[in-house]
Amino acid sequence: MNCGCAEVVTPGLLDLFDARARMIDAAVPVAGRERLALDEAAGRVLAGDALGDLDLPGVDNSAMDGYALRLADLEDAKAKGRGLTVAQRVPAGAGVLHLPRGGCARIFTGAPVPLGADAVVPQERTRIDAQGHVHVEGEVSAAANIRRRGEEARAGERVLAAGTRLTPAAIALLASHGIAEVVVRPRLTVALISTGDELIEPGSPRVPGQVYNSNAAMLRALLAQQQCRVLDLGIVDDTASAVQEALIVARDSADLVICTGGVSVGEEDHVRPVVERLGGIAFHGVAIKPGKPFVFGWLGAGAASGTPLIGLPGNPVASLVGWQLLALPFVHGRQGRPPAPLQHYPVAAGFSRRGPRGRRELLRVVLDWTGGAPVATLAGGQGSHMLGAASQANGYLMIDANTHVEEGHVYGYCPGTQFLG
Ligand SMILES: Nc1nc2c(c(=O)[nH]1)N[C@H]1C(S)=C(S)[C@@H](COP(=O)(O)OP(=O)(O)OC[C@H]3O[C@@H](n4cnc5c(N)ncnc54)[C@H](O)[C@@H]3O)O[C@H]1N2
Ligand code: MOO
């Protein structure tokens, strides 16, 4: 068994895609909005549509360093065996000029195309004769190398929709419209609780049997990637009273509570009974390996008014998978982002392997492109306590329940990049 443990397939586990749909349905966007300078808004989510009040480009301009000309003048000059006189020089930032009849303009990339010119010829396709006249090689089509006013955007149009996460390209787009401030959703405050008597924090001395708390380090990094504010309540003992005390603090101070460990079925696993006492359980158990004992519930009087709670399994890779496949779409929904389907596309396996009964398996893999087409290879040991493979993998190979992997056969590959933004 991958877990290094005796596996019991529990009846009534939710299908991965049903569980994901339930997380997405339950995600109510947090209230409020914040106005931020563009420089402070990277990674944040727009609270409303961003509208532009400019045509982009603002004027017809050149896509090349070269010569702007009137095609009729070029034809005429060619017919007479002459070149065109350079009548103007137009650098980027210049005003819009008028091209005199019979002349052409020396022009640079981004510079306004003079009125009357109907094409730009790159300088590599020209020859300058002893009199300084410009001769053009080959055919020139109308509108060649002219970037038209408004071809990218029109004044009054929506630049970005509400719910868009501000990637560096989105920030650049807003800046290109002259927008210096944006209105974004507030950061989510997420309370983090690590349950387990065996846990100690990295940096402290360890005695045999103790385990360094890697889940909290991982989740702090994952939450920071999502611009969440983390309220880390630290390590909590495996007792019902300690778990209850921590959950009450978390409930009262966060938009979402995430705890790790203590969600399985042993008598040391207190999360489920305490959550049932303080609120309720929406579901517990998803047919995935790793990540099976995932819990989703709430703390408070009802699912709608309470603080949502996600209980991730203690095994570190199960925690990571639970975050990426189930918790992340919920966080995105609370941030007001539109739901995104789980991306997966067919890739051949470069190995054979027995599959687990009753659960979809998410194998940590690396794509090998040396043969031209991608082949998925195992990134390392697949135990749900083994972070090495998870740290090397660039995605998951998703194997249906009760299916044995056969080398050369094709399975769904979920690229890891989809979990980053
Ligand atoms: N009888 C059964 N036992 C188990 C089942 C089952 O169905 N029946 N499911 C197994 C599966 S699958 C998983 S996954 C684990 C999940 O268990 P818990 O969420 O209750 O987690 P713990 O028991 O507290 O810990 C499991 C494992 O993970 C280590 N751990 C916990 N927290 C951290 C942390 N913050 N950082 C690093 N490592 C952590 C812990 O030391 C244990 O080794 O249950 C199986 N058992
Ligand atoms: O092995 Mo468990 O499936 O890690 O979640």
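Residues numbered from 1 in each chain as written. Chains lettered and ligands numbered in written order. Predicted model: local features only at pLDDT ≥ 70, side-chain atom pairs only at ≥ 80, totals over all residues.

Worth spelling out the cut-off: UniProt positions are given in the numbering used here, feature names are shortened, and annotations may be inferred rather than shown by experiment.
An unreviewed UniProt entry lists the chain under the name Molybdopterin molybdenumtransferase, from Halomonas flagellata. In UniProt, the chain has this text filed under Function (unreviewed entry): "Catalyzes the insertion of molybdate into adenylated molybdopterin with the concomitant release of AMP."

## Comments concerning the sheet that holds strand β17 (residues 256–260)
For clarity, the threshold we go by: A pair of strands counts as paired when DSSP detects no fewer than two bridges linking them. A helix here means a DSSP run of H or I that spans at least four residues, while a strand means a run of E at least two residues long, and both kinds are numbered starting from the N terminus. To get an axis, fit a line to the C-alpha atoms, keeping to the stretch in contact for a helix; angles then go from 0 to 180 degrees between the N-to-C directions.
A sheet is described by the order of its strands in space; here six strands give the open sequence β16-β13-β17-β21-β20-β18, paired in mixed fashion. Each edge of the open sheet is held by one strand with a lone partner, namely β16 (229–236) and β18 (279–284). With direction set aside, neighbouring strand axes in the sheet form an average angle of 20°. Pairing of strand β13 (residues 189–195) with β17, which is carried by five bridges, proceeds in the parallel orientation. The residue of β17 that forms the bridge with alanine 191 is valine 257.

## Quick look at helix α5 (residues 240–253)
Where we set the bar: Take the residue count of a helix, subtract one, and multiply by 1.5 Å to get its expected span. Field definition: a residue is buried when 20 or more other C-beta atoms are found within 10 Å of its C-beta, exposed when 12 or fewer are, and partly exposed for counts in between, with C-beta atoms placed from the backbone. Taken from the helix axis, the directions to the C-beta atoms give the arc we talk about. Throughout, a pair of residues is in contact if the C-beta atoms placed from their backbones lie within 7 Å.
Compared with the 20 Å implied by 1.5 Å per residue over 14 residues, the 20 Å span of α5 between its first and last C-alpha is a close match. When we look at burial in α5, the residues that qualify are Val243, Ala246, Leu247 and Ala250. Angularly, the buried residues of α5 cover 100° about the axis, an arc narrow enough to put them on a single face. In this structure, α5 carries Ser241 and Asp252 as exposed residues pointing more than 90 degrees from its buried face. Contact partners of the buried residues in α5: β13, β16, β17, α6 (271–278) and β20 (295–299).

## Re the site of ligand 1
Using the following cut-off: Nearness is defined per residue: the C-beta atom, placed using the backbone, must lie within 6 Å of the molecule or strand. Side-chain classes follow a simple rule in which Ala, Val, Leu, Ile, Met, Phe, Trp, Tyr, Cys and Pro form the nonpolar group, Asp, Glu, Lys and Arg form the charged group, and the remainder, Gly included, forms the polar group.
Surveying the vicinity of ligand 1 reveals 30 residues, the closest of which are Asn215, Gly261, Ser264, Pro313 and Gly314. Contributing elements (two or more residues each) for the shell around ligand 1: α4 (214–225) and α7 (316–334). A per-element tally of the shell around ligand 1 places α4 first, with three residues. Looking at the shell around ligand 1, its residues break down into 13 nonpolar, 14 polar and three charged.

## With respect to the pairing of strand β23 (residues 360–368)
As paired elements, strand β19 (residues 288–289) and β23 share two bridges and run parallel to each other. Across the sheet, residue isoleucine 288 finds its bridge partner in β23, namely arginine 360. Inspection of the sheet shows β23 paired to strand β25 (residues 395–399) by five bridges, in the antiparallel sense. What sits directly across from leucine 362, in β25, is methionine 398. Sheet analysis places β23 next to strand β24 (residues 375–378), joined by four bridges and oriented antiparallel.

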